[in-house]
Amino acid sequence: MKFYPEKYRIPDVSMQPFIDDNEIWDSINKAEVTKEKVEQIIEKSLNKNRLSLSEVAVLVQASDPELVELIKQGARTLKERIYGKRIVLFAPLYVGNYCSNNCQYCGFRTSNKDMIRKTLTKDELIKNVEALEDSGQKRLILVYGEHRNYSPEFIADTVRTVYDVKKGHGEIRRVNINAAPLTIDGFRIVHEAGIGTYQIFNETYHNETYKKVHPSGKKSDFEWRLTSLDRAMEGGIDDLGIGVLFGLYDWRFEVLGLLRHVNHFEACYNIGPHTISFPRIKDYSEGKIDTSYFVSDEDFTRLVAILRLAVPYTGLILTAREPDAIRKEVLSFGVSQIDAGTKLEIGAYADDLEKETQNLNKEQFKINDDRTLSAVIDELLDGDYLPSFCTACYRKGRTGEHFMEFSVPGFIKRFCTPNALLTLAEYIVDYAKPKTAEKGWRLIEKNLNQIDDSFVDEVKERLERIKKGEHDLYF
Ligand code: SAM
Ligand code: SF4
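Quick summary incoming for the structure in this document. (Residues numbered from 1 in each chain as written. Chains lettered and ligands numbered in written order. Predicted model: local features only at pLDDT ≥ 70, side-chain atom pairs only at ≥ 80, totals over all residues. Heavy atoms only, no water.)

So, the nonpolar core
Working step 1: If you look at the biggest cluster of nonpolar residues, it comprises 152 residues, and the most contacted ones within it are L89, V159, I177, Y198, V255 and F278.
Working step 2: With twelve residues, helix α18 (residues 411–431) is the largest single contributor of residues to this core.
Working step 3: The contacts of L89, once residues within four sequence positions are left out, are R139, I338, A340, L373, V376, I377, L380, P387, S388 and F389. (Core = buried A, V, L, I, M, F, W, Y, C linked by side-chain atoms within 4.5 Å. Buried < 20%, exposed > 50% of the residue type's maximum accessible area, 1.4 Å probe, protein only. Helix = DSSP H or I, 4+ residues; strand = E, 2+ residues; numbered from the N terminus. Contact = heavy atoms within 4.5 Å.)

If you want it as structure tokens, here you go:
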């Protein structure tokens, strides 16, 4: 039996390498695609079972338009049957863009001498958080380059600062992190600051490609990256986000790689990752990246539907990297979280809130959806989606909420929908323009019938209390 070298191992966990290129390619190449098989696999997922590697291999190989439509319809059905129309909203906040890595796709790479480097001072951080609170945000993800300046203590400090900022009725109730891999002790320090999810994308699960696009810096160590969330787990963080930067290698391989990562968590810790992210490369530097693996819109929407079916109980995060039309389509497949009102330029939330063009020398890449939080909420309401700022499970210590939503009968009707309605009501009272408010109250009214009968009165009573000015009511 093979194990990871000592430096990557976790005490008491049997850490065998879980990404095997040959196994993944064999599964893809051996997949026999028939309509009957695709239907059976979709049915298995609709019956709330995670799919196996060979089953997902069939789905990624099913390229006939009729089968692709079957897969997309399967994802829509799964979303409608299980998750309903809630979409959780958050915003990314870039804390610093110093970076000692050289990721060929990223504007923050150390060799990019045009990049204007900056780390928010404590005062600037506070001002940005205040601006985000003023727009109604309740959930943030803090993002950092990989640099000695961003030690676990520094990260923990910024998290505590964010939680401490209270402006008007505003407050940030959940701070997630997207930062470099740490040691077990480092993760422990960050965990103690009260973070929600720790998110690290492996970028690509293909070792050789990984080495090519990460030629230097700490990130060039594939195994250190791949085993990072195991150390997070050992450091006490069991709320983890995984992801792939699609476009570096064959998307079919990467989808199976993500599945293998999920399998690994389940086998070693009996719990899957909380979320999966699937950004596509944006604004790469000409000549640095092999563009032959770039993922078309058609394949992208396909792969999101496949991920939904493959791991039906894991949260899916879509980001502002994607244009509106793509967002619209994949929302219907069961994306559970999106960012809104996003600004990637460091300090931009406070600096220049009316600014319309991005300065690419200060940020990582260009976003496609630069609408305000209020505009995104408007559009979600128009599409009959229920925007949610819920942070209840995390604050009540109910970890693994996505799994509970999925597996505990009545959980959504008892907790998720009521909390979504209460947080939307709070947003309407504090921040919404009259037109949005009108649409919002109508949607709340309409969704009351989605709540467990025995709780409707209690939810109505809490909605009235929010209208009268109470805050932060949740189940
Ligand atoms: N430095 C940390 C790291 O690399 O994990 C965290 C911050 S990094 C800015 C967050 C993520 O941005 C990366 O994991 C990568 O997937 C994504 N990213 C980098 N360059 C990108 C690009 N050109 N287009 C889209 N996403 C990109
Ligand atoms: Fe640095 Fe992260 Fe960008 Fe790589 S992806 S250059 S590690 S900020």
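A short note on helix α19 (residues 434–447)
Working step 1: Between its first and last C-alpha, α19 extends 20 Å over 14 residues, near the 20 Å set by a 1.5 Å rise per residue.
Working step 2: Of the surrounding secondary structure, the elements contacted by the buried residues of α19 are α15 (373–382), β11 (386–388), α18 and α20 (456–467). (Expected span 1.5 Å × (residues − 1).)

Focus on the pairing of strand β2 (residues 139–144)
Working step 1: The buried fraction of β2 is high, at six of six residues.
Working step 2: Alternating positions in β2 separate into two faces, R139, I141 and V143 on one and L140, L142 and Y144 on the other, with burial throughout.
Working step 3: As paired strands, strand β1 (residues 86–96) and β2 are joined by five bridges and run parallel to one another. Residue pairing across strands places Y94 opposite V143, the latter belonging to β2.
Working step 4: Each parallel crossover has a hand, and for β1 linked through helix α5 (residues 122–135) to β2 it is right-handed.
Working step 5: Sheet topology places β2 next to strand β5 (residues 174–178); five bridges connect them, and they run parallel. Directly across from I141, in β5, lies its bridge partner N176. (Pairing = 2+ DSSP bridges. Right-handed = clockwise from strand over helix to strand, strands pointing away.)

Observations regarding the environment of F90
Working step 1: One can find F90 in strand β1.
Working step 2: A sequence separation of ten residues divides F90 from S100, and the C-alpha atoms of the two residues are 28 Å apart.

Observations regarding the packing of helix α12 (residues 297–310) against helix α13 (residues 324–331)
Working step 1: Running from N to C, α12 and α13 cross one another at 25°; their axes reach a closest spacing of 10 Å. One element, α12, and the other, α13, form an angle in the roughly parallel class. Regarding α12 and α13, the two cross each other, and that crossing is right-handed. Counting all contacts with α12, which are made through D297, F300, T301 and V304, the residues of α13 involved are I326, E329 and V330. (Axes fitted to C-alpha atoms, helices over the stretch in contact; angles between N-to-C directions. Parallel < 35°, antiparallel > 145°, perpendicular 65-115°, else oblique. Left-handed = near helix turned anticlockwise from the far one by under 90°.)

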